[in-house]
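The chain contents come next:
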Amino acid sequence: SQKIEQNSEALNIQEGKTATLTCNYTNYSPAYLQWYRQDPGRGPVFLLLIRENEKEKRKERLKVTFDTTLKQSLFHITASQPADSATYLCALDMTMDSSYKLIFGSGTRLLVRP
Amino acid sequence: DVKVTQSSRYLVKRTGEKVFLECVQDMDHENMFWYRQDPGLGLRLIYFSYDVKMKEKGDIPEGYSVSREKKERFSLILESASTNQTSMYLCASSLIVPGSNTEAFFGQGTRLTVV
């Protein structure tokens, strides 16, 4: 079955630095990959979607890359702020005939120190 | 804005009880999902549905069933609650766009404790 791996250890960085989170997957070739943010006690919130034919996607301070050869996506937050502290989840689609399902990684917690 | 509403934020039930978790979305989405989230395990898909009365098993369907009688409502049922079903339950919905992929919108979650 498909497997999605995110670093389970928290990433602790200084404000202003760039945070880089990794998502690796096996046994599948998704057409899309999504990133979500989750705050404690809340549901995940969508951030970015990248397609298999896109190498890079940007949105304000966020950047996502998608390397289908390495089966890896990198999620970058530049000029990080304490408000960026949260858990970040990657998700892959598994598309079937008439529907698709989203499979999530376990997430990486980001802590940005002031 | 899309809104996905789960009926309860917190729920405490006894072992053996039948438990209903309700989810309603207001944006006419075809897809609806139920996940559970446990520390270190991330979001695991229990069931999903792409149309009224249609349902598909996710990765961990055992001990659960679902019902989708109306497009906007997707219910998760624990037929006989057990302590290992204590978890955070998250409902989500999304559009189906042929040849494309769209984001999922999540509810606020229901923290279920089975005692």
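Residues numbered from 1 in each chain as written. Chains lettered and ligands numbered in written order. Predicted model: local features only at pLDDT ≥ 70, side-chain atom pairs only at ≥ 80, totals over all residues. Heavy atoms only, no water.

1. Describing the layout of surface pockets
In this approach the atoms are scanned with a rolling probe the size of a water molecule, which exposes any empty space left behind.
Then step 1. Taken as a whole, the largest pocket holds about 580 Å³ of empty space.
Then step 2. Lining the largest pocket we find 25 residues, and of these A:Gln38, A:Thr87, A:Ser106, B:Gln37 and B:Pro39 sit closest to its centre.
Then step 3. Sorting the residues of the lining of the largest pocket by element identifies β9 (86–95) and β11 (108–113) of chain A together with β4 (31–38) and β9 (87–94) of chain B as the ones contributing at least two each.
Then step 4. Broken down by class, the residue content of the lining of the largest pocket amounts to eight nonpolar, twelve polar and five charged. (1 Å grid on protein atoms, 1.4 Å probe; cavity = no way out; pocket = protein on both sides within 12 Å on 5 of 7 lines; lining within 4 Å. Points joined across faces, edges and corners; volume = space filled by probe spheres on them. Helix = DSSP H or I, 4+ residues; strand = E, 2+ residues; numbered from the N terminus. Nonpolar A, V, L, I, M, F, W, Y, C, P; charged D, E, K, R; others polar.)

2. Quick notes on the interface of chain A and chain B
Then step 1. Across the contact, 24 residues belong to chain A and 27 residues belong to chain B.
Then step 2. Where chain A abuts chain B, roughly 1,900 Å² becomes buried across the two surfaces, and 53% of that area is made up of carbon and sulfur atoms.
Then step 3. For the chain A face of the interface with chain B, the top three residues by lost area are A:Tyr100, A:Lys101 and A:Phe104, together amounting to 27%.
Then step 4. Viewed at the interface, chain B and chain A are joined by zero salt bridges.
Then step 5. Where chain A meets chain B, there are five residue pairs in polar contact (both at pLDDT 80 or more).
Then step 6. Of all elements in the fold, only β4 (32–38), β5 (45–51), β9 and β10 (100–104) of chain A reach the threshold of two or more residues within the side of chain A that touches chain B.
Then step 7. Per-element tally for the side of chain A that touches chain B: the top contributor is β10(A), with five residues.
Then step 8. Grouping the constituent residues of the side of chain A that touches chain B by class yields eleven nonpolar, nine polar and four charged. (Contact = heavy atoms within 4.5 Å. Buried area = accessible area lost by both parts, 1.4 Å probe. Salt bridge = Lys/Arg side-chain N within 4 Å of Asp/Glu carboxyl O. Polar contact = N/O pair within 3.5 Å; in protein donor to acceptor, adjacent residues only side chain to side chain.)

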